[in-house]
Structure formats: C-alpha cells, structure tokens
Amino acid sequence: MTTAPWRDPALTAAARVDDLLSRMTLEEKTAQLYGVWVGASTDGDGVAPLQREMTAEYDWDELITHGLGQLTRPFGTAPVDPALGAQALARAQRRIAASGRFGIPALAHEECLAGFTAWQATAYPVPLAWGAAFDPPLVEEMGRHIGRDLRAVGVHQGLAPVLDVVRDPRWGRVEETIGEDPYLVGTVGAAYVRGLESAGVVATLKHFAGYASSAGARNLAPVRAGVREFADVTLPPFELALREGGARSVMAAYTDTDGIPASADPGLLTELLREQWGFTGTVVADYFGVGFLQTQHRVAGTEAEAAHAALAAGLDVELPTLKCYGKPLLEAVRAGEIAEELIDRAARRVLLQKCELGLLDEDWDPEPTGRIDLDSTANRALARRLAERSVVLLDNPDGVLPLSPDTRIAVVGPRAADALAMLGCYSFPSHVLTHHPDIPMGIEIPTVLEALRGELPDAKVTFAEGCGVDTPDTGGFEEAVARTAEADVCVAVLGDRAGLFGRGTSGEGCDATDLRLPGVQGELLDALVATGVPVVLVLLTGRPYALGRWHGRLAASVQAFFPGEEGGPAVAGVLSGRVNPSGRLPVSVPQEPGGQPWTYLQPPLGLAGEVSNLDPTPLYPFGHGRSYTTFAWESEAVGAEITTDGSYDVSVAVRNTGDRAGAEVVQLYLHDPVATVTRPDVRLIGYQRLELAPGEASRVTFRFHADHSAFTDRTGRRVVEPGALELRLAASSTDVRHTARLTLTGPVREVGTDRRLRCETEVEPEAEETA
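The following paragraphs examine the structure supplied in this document.

Here is what the cut-offs are and how they apply
- Residues numbered from 1 in each chain as written.
- Predicted model: local features only at pLDDT ≥ 70, side-chain atom pairs only at ≥ 80, totals over all residues.
- Heavy atoms only, no water.
- Buried < 20%, exposed > 50% of the residue type's maximum accessible area, 1.4 Å probe, protein only.
- Helix = DSSP H or I, 4+ residues; strand = E, 2+ residues; numbered from the N terminus.
- Pairing = 2+ DSSP bridges.
- Axes fitted to C-alpha atoms, helices over the stretch in contact; angles between N-to-C directions.
- Parallel < 35°, antiparallel > 145°, perpendicular 65-115°, else oblique.
- Left-handed = near helix turned anticlockwise from the far one by under 90°.
- Contact = heavy atoms within 4.5 Å.
- Nonpolar A, V, L, I, M, F, W, Y, C, P; charged D, E, K, R; others polar.
- 1 Å grid on protein atoms, 1.4 Å probe; cavity = no way out; pocket = protein on both sides within 12 Å on 5 of 7 lines; lining within 4 Å.
- Points joined across faces, edges and corners; volume = space filled by probe spheres on them.
- Expected span 1.5 Å × (residues − 1).
- Polar contact = N/O pair within 3.5 Å; in protein donor to acceptor, adjacent residues only side chain to side chain.
- Phe/Tyr/Trp six-rings, centres within 6.5 Å; stacked < 30°, edge-to-face > 60°.
- Lys NZ or Arg CZ within 6 Å of the ring centre and 35° of its normal.
- Core = buried A, V, L, I, M, F, W, Y, C linked by side-chain atoms within 4.5 Å.

Taking every second residue as pointing to the same face, the buried face of strand E16 (residues 631-634) carries Phe631 and Trp633, while none of Ala632 and Glu634 on the other face is buried. With 4 bridges joining them, E16 and strand E18 (residues 647-656) adopt antiparallel strand pairing. Counterpart to Trp633 in the pairing with E18 is Val654.

One face of the sheet, then the other: side chains in a regular strand alternate in exactly this way. Burial within strand E19 (residues 662-671) is extensive, with 10 of its 10 residues counted as buried. The two faces of E19 match: Gly662, Glu664, Val666, Leu668 and Leu670 on one face and Ala663, Val665, Gln667, Tyr669 and His671 on the other face are all buried. Where E19 and strand E20 (residues 683-692) come together, 9 bridges link them in antiparallel fashion. Pairing of Tyr669 across the sheet is with Leu684, part of E20. The pairing of E19 with strand E24 (residues 723-730) spans 5 bridges and is antiparallel. Counted as the bridge partner of Leu670 is Leu727 from E24.

Below, the discussion takes up the packing of helix H18 (residues 448-455) against helix H21 (residues 567-576). Where H18 contacts H21, the two axes come as close as 8 Å, and the packing angle between them is 45°. What the angle tells us is that H18 and H21 run oblique. In the packing of H18 onto H21, the handedness of the crossing is right-handed. Each of Val448, Ala451, Leu452 and Glu455 in H18 lies in contact with H21, whose residues at this interface are Gly568, Pro569, Val571, Ala572, Gly573, Leu575 and Ser576. Taken together, the residues of the contact of H18 with H21 break down into 7 nonpolar, 3 polar and 1 charged.

Relative to the helices and strands, Pro366 is located in the loop between helix H15 (340-356) and helix H16 (377-390). By relative accessible area, which is 14% here, Pro366 ends up buried. With 279 residues separating them along the chain, Pro366 and Gln87 place their C-alpha atoms 8.7 Å apart. Once residues within four sequence positions are removed from consideration, Pro366 is found in contact with Ala90, Gln93 and Arg94.

You can see Ala512 is positioned in the loop between strand E13 (489-495) and helix H20 (521-529). When the C-alpha positions of Ala512 and Asp645 are compared, they lie 45 Å apart, and in sequence the two are 133 residues distant. Sequence-distant contacts of Ala512, defined by excluding residues within four places in its chain, comprise Arg170 and Arg543.

Moving on: the sheet that holds strand E12 (residues 460-464). Spatial strand order, E10-E15-E14-E13-E11-E12: 6 strands in an open sheet with mixed pairing. With one partner strand each, in any of the chains shown, strand E10 (392-395) and E12 form the two edges of the open sheet. Between one strand axis and the next, the sheet turns by 20° as a mean value, whatever way the strands run. Direction of pairing for E10 relative to strand E15 (residues 556-561): antiparallel, over a ladder of 3 bridges. Among the inter-strand pairings, Asp395 is bridged to a residue of E15, identified as Ser557. Against the sheet, H20 contacts strand E11 (408-412), E13 and strand E14 (535-541), and its axis sits at roughly 175° relative to E13.

Our focus in this paragraph is the layout of surface pockets. Empty space left among the atoms is revealed by rolling a probe the size of a water molecule over them. The space that makes up the second largest pocket amounts to roughly 680 Å³. Surrounding the second largest pocket, 26 residues form its lining, Val227, Phe230, Ala231, Leu235 and Leu272 being those nearest its centre. At the level of secondary structure, the elements contributing two or more residues to the lining of the second largest pocket comprise helix H9 (227-234) and helix H11 (266-276). With 4 residues, the single largest contributor to the lining of the second largest pocket is H11. Class assignment of the residues belonging to the lining of the second largest pocket gives a composition of 12 nonpolar, 8 polar and 6 charged.

With 18 residues, helix H5 (residues 82-99) ought to run about 26 Å at 1.5 Å a step, and its terminal C-alpha atoms sit 25 Å apart, in line with that. Contact partners of the buried residues in H5: helix H4 (60-63), strand E2 (70-72) and strand E3 (107-111). You can read the cap of H5 off the contacts: a side-chain oxygen lies 3.1 Å from the backbone nitrogen of Ala83, and it is on Asp81.

Using the criterion set out here, one finds 14 aromatic pairs in the structure. The interplanar angle of 80° and the centroid separation of 5.8 Å between the aromatic rings of Trp6 and Phe102 together place this pair among those described as edge-to-face. In this pair, Trp6 is assigned in the segment before helix H1 (13-23) and Phe102 in the loop between H5 and E3, connecting sequence segments 96 residues apart. Taken as a pair, Trp6 and Phe102 share a single burial class, namely buried. Measuring from centroid to centroid gives 5.4 Å for Tyr254 and Phe292, while their planes differ by 40°, and the two rings are tilted. With Tyr254 in the loop between strand E6 (249-252) and strand E7 (256-257) and Phe292 in helix H12 (residues 289-295), this residue pair connects regions lying 38 residues apart in the sequence. What links up through ring pairs into an aromatic cluster is the set Phe134, Tyr183, Tyr600, Phe622, Tyr669 and Tyr687. Over the ring of Tyr426 we find Lys206, and its NZ or CZ is 5.5 Å from the ring centre.

Moving on, we get to the nonpolar core. Judged by nonpolar contacts, the single largest core of 206 residues is most densely connected at Phe208, Tyr325 and Leu727. Setting aside residues no more than four positions away along its own chain, Phe208 makes contact with Leu235, Phe238, Val250, Met251, Ala252, Ala253, Ala262, Leu268, Leu269, Leu272, Leu273 and Trp277. Grouped together as the second largest cluster of nonpolar side chains are 39 residues, Leu452, Val461, Ala572 and Val579 included.

The next point concerns the sheet that holds strand E22 (residues 711-712). Strand order across the open sheet formed by 3 strands is E22-E23-E26, with antiparallel pairing between neighbours. Strands at the two margins of the open sheet, each flanked by one partner only, are E22 and strand E26 (749-750). Of the strand pairs in this sheet, E22 and strand E23 (residues 718-720) are connected by 2 bridges, and their pairing is antiparallel. Following the sheet pairing, Phe711 is matched in E23 by Val719.

Turning to the packing of helix H13 (residues 303-313) against helix H14 (residues 327-334), a few remarks are in order. Helix packing geometry: the angle between the two helix axes and the distance between the axes. The contact between H13 and H14 brings their axes to 8 Å, and the two run at 80°. By the angle between their axes, H13 is roughly perpendicular relative to H14. Counting all contacts with H13, which are made through Glu303, Ala304, Ala307 and Leu311, the residues of H14 involved are Pro328, Leu329 and Ala332. Among the residues making up the contact of H13 with H14, the classes are represented as 6 nonpolar, no polar and 1 charged.

If you want it as structure tokens, here you go:
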C-alpha cells in the first residue's frame, strides 16, 4: 500500500496540499471554506448580530460527505461538561473524517477573549485589564494557559485577541480592547498571541480593521477614519501581532471604511495584509460578515455576489455557518460567474493550515488525553495575579486606604454582591449562561463583599444594595444611607453589567449615549457622600466613566475593569493593603460625561484651548495610577543629535523610597514639536514595569530608534523627518519626570514593513544608596 503524496509528512506542506487539491472536486474544495454551527439557536436572543435571521438550514449528514472546513463553538454555544464535550467533539470529528473521501477533519474554533468561553473554564480579566497591568509577559503566560486548555479538548483556533484601539469610550466593546494607545495594544496583544500560538492554537486577530472607530460609538456603524489615522493608529497593533506574535489568522471587521466594507476590501485583505505584510495564514469572516455584504452593506444583490466579493477580496472562510459559501457559490462557479481559481486560492490556505496542525496526517487522533480541568489551581492563581496587577488606584488623597483591619465598613452598591460584576460579555456566564438560568455558574467567583469580609475578619461589615445597575428605582437609597451613617467608612461598589445587544450596560451592542454612571448609581453616590462618612469608590466596569462630579469629595477611588473570577479577592486585597496597587489606566478617565469622543492621542487642536468652551482634559490621564509606596526617579539624559536612521539610549533609575514593596510603570513618550502633518501631542513608544522592594532600585534603558518617530505623511508614505524631538520619561501621559531632547539630522527617510516596531528595554539593578 502506497501513501498518497498529500499524506506524506516527509513532503513540504505546500507539496502535500497541491497534491490534495488536484484530487478534490469543486464541492470538496468549497466545503473547506465554511464552518457549521451545530446547536445555534434560530429563535430568541442570540450571541451574534442578527443570528436568528442569518442562520440557514442544512442537512448535516449530506453536508459532511464533501468534508467540512470548521466546527463553530462546540463548547461555547451551550453548557457542556468539558470532558464529555471533548469526547463528543472527537466523535463528531471521526464522523466528519469517515464521511468524506479524504478523511479530513474540521478545524474547531472557540472564543477566548478573556479565557476559554466554555462552561467551567477559568474566567480571566478582560483585555482592558490586561492593558491596565502593563505586563506583556504575564499576558503571554495567560495565553499559554488558555491555549493548553483549548488544545486539551480538541480546539484548534481561538478567536482572539481584539486589537481595536479605543477611539470613543462610549463604544460597547471597549471592555474587549486593550486600551486607547496602539503601542500598548500591539505589545500586549502580541504577547497574548505568542502564548496562544505556543500551545499550538491558531490565534485570530480581530477586528481587521477600523471597527472601534465606528461613527457615534455605535456598534457596526460606518468608519470615517482618515488615511493617516487608519495607518498610524488602527493598523500598527495588527502589524506588531503578526510580525512579533506570529498570528496565523485574521478576522475581517463588520464595518465599512469610507464606503468599502472590510469583508470586500482587496486593498486591506490582499494588498496590505498579504502583499505588503507577507501574511500567509487564513482570513475568516466575523460571524455572518459575508452575508452582511448583501443584507447590511448592500454592496451585493445576492448571496452569490456577496460570496464573490468576499472571496475576491481575500476572505477565505465564512463563519459561523454556511450561507453564501455553500450552494450559492457552487452554482455561480458552475455558471461561470465566479472563477474556480478563487475557490482554489482560499482552499489552499485553509488546507495548509490544517496540514500545519496535523489534521492531514494518517496518525491524526482526535481523542482527548489526560484529565481535563479547565479551571485548574494554576489557572486560578494566574487569574488572581493578573487581576491584582490590573487594579488601578485612581486617588487616595487622605490615605484612607488601606482600610483599618478593625473598622466599621458599610459596603454599598449593586456590584458588591454579584459575581457577574467581575465578568465581561465574552465570559461564558455572561455570554451563554444567561440563556440557561437553571444551570449553575460552573466556577467559583467570590464577590467584593465576600472577599472583603475574608480579608478583614475583625472588621464589622454591613451591606446594602442601594439600587440596581441600570434601573431608575431609588427605593434602596434609604437603607444604603442608613448603613453608611453607622459606619466609619463606606465602600461604594458601582459599575456595569456586561451583556449583548442592549442586554447590558457594557459589551457588544451595548453602546452608551454618554459617560454617566449607568442608571441612578450617580445619585446613589451623591447620597452616600452627603452623609459625611468617608466614601471609597470602587468601580467594576467595562469602560471609563466621568468622575469629575465627585472629584475632591471622595476618600479614595479604585478602578477595576471586569477583573475576572479572582477579581473580588484582588479588589479586596487592594482595599485591605495586602495588595499594593500597581495598575495604570489604559484609557483616560473623563472629567465630564459629554465632550466625547476623546482619547489622549490628540493633535494640538484636540487639546484644551481658548477656541472652545469645552475642555476635554481628562480627570485622570492615560497611564495614571497610584501606589501605597513612593518612587524616586533619577536620569542624566539630556539628549543628542542623531541621524534619521540613528538611535539613542535614554535611561532612568527608579528607587522605591517607601516602606513596602511595590511596582512602578516607567513610560516613554514621544513629542514631535513640528511635523509636516499634525501629530499627537504625545504618544507612548515604550514602557517597563518594575517590581521593587523597599529601598531597591533598577535602571531602565530604552533603546530609541528614529523608526519610532515615523508617521504617514501627506503622500501616504511612512517617513522619518529630520528636526527636533522630545523623549519624555513619565509616570503617565501628563506626569513627565525627565526629558531628553533630540535633533534628527539628514534627509527625510521612507520606512517600510521592516521598520522597528518595538522600543527595546533593558533593566539592570542599581547599587544601594549609601548613608
């Protein structure tokens, strides 16, 4: 018996796939280009936009005789015991392989935005909390854990991370992003990709590209970003995650930019992604994104036209289930309306990926091995560590925090005693379990109230809810005020409820009209402050909210962005002092609820000035965060003259001058005083988190290269211009500690895809101070 070349592991993947394609019929090749969503609901509320309207009927037994490209969310559609689910997936894969001529299994994908979106799987902090931690190595470790859990149950592809850069905090999916700065998003996102890919899971970058720039912060609204904003803000995180993370898949965004939907944009999906960036993986549709070309964008008159537009642009796989890439596509190819070469191109990419994953090998085995535990002790410890590092102490003017161990505490607010207050909209309990109210949570999630009682066993802790998250009812105010009046301090735990398509105050399709606290929570906070008892505000949210109304009236303010299943103990640890807060804001916290959109990446006219009565200056800037210890910064950097292809090392020594261990985040910003197009007043180009014991010091050196000053000029070229620059060593985007002034000399230099994207850092211990 001879092995067909496509089965021979001694041959290259390209040779194997070329041989396989030559043997396949049109139906078999096309079958590799769509997924099937088994068990997806066609009535009631869905977990994807227009799910009910866009889900087509099919005959499973007939369908799989031609093979199958993908299985959609076998664990993330309904509550499934992980061990039983893994066995069921293995059976389904064997059946798919046995039904087709070539024995090729499907590629199974799942959501993994903040952990594997499956029942009984660890719910990690949301990506906005990853940004707040400023800790790529820890995020990479989390990605590795998530990837291992996915592979343990037979999943090959994870639909994460989200690399959209926040442009308007009213957008519902802010919680899914890493922040409002492309360098932070790119470096943290690339770390997550490295972790996921190291476990053998295909990471899928989303949403490519521009999704977060939707007009009016409305989900799926048109994108009106200019060419330079798109090039310099939207695209760099994707480029970084591809080049440094090694992501093997990209998801096309739902939105259109300047009238062209991403799913039908060859300039984006082929010319930029493949020809300029050299991407060789697969491009997949966001759920129903191909069909939306007909029903939502109206750039296609039929399903076949939608399929043609997407395939021609470079979109390889229709997700989540077949619609346009099925019968409509086959009929159009046979009629000569669509070239079969487009099918071949996409099928080749899909099969190359399956070959890389071992799915074309004769010894492929889908059976799970070993014990399956998706919420292991190691996972929980990692979730706790990331949650603790992500909590941001916004303010503590009078030193009320940490709380005294034997004090009287009134815990008030609708988020204090609700486990779901810790979770974002893509956690399994928020995303799926809301449709299955009789099924238990599946994981242990301590609330802030429970955790605080555990942290401070000698304290007298009382509780009153006060109000709901987004209801107008103020009936609980009286009890909340009474409990507060009896206490030494009030801990007001307020914030969001994650949900989907209007079923929450944060999450996909849960966009906000302004940045007031939801419901009557602001009025509750007013009532608590009016008692005269010191109030510590704790926010558990998916976006920043305007806090200027209470500035100077609160004893302390703590921000946590949906910190996951261990978020309650993490927040309580900050309140008790067990945890020294070290999170930094990945998004600005506004002063007023209006005047949006605004992020810190503003050119001069975007800053406060005499030309308008509206002051957009945030209450707490990007990068801000306080600690229970103090740090001293010392730098001798003064600057230098370098060429437009030169480099310069700028360093700073940071010493912990307090009496307890803590972490400082050293941030490097670039200020370009004069350029041929307007530039952000400052933008982050490097950062380093330092863990320091009392008295300990470390020196951070940033290796700045002129490439880091590059931007898109009037002609669309990315260039480095000669002239003056400032490198600002800072504790936030506004808290500058030292400045190095550079002069770039020489000609304007055009840079390409080989430019330096990351500002490398080096950390060395400093000698102890002598008396």
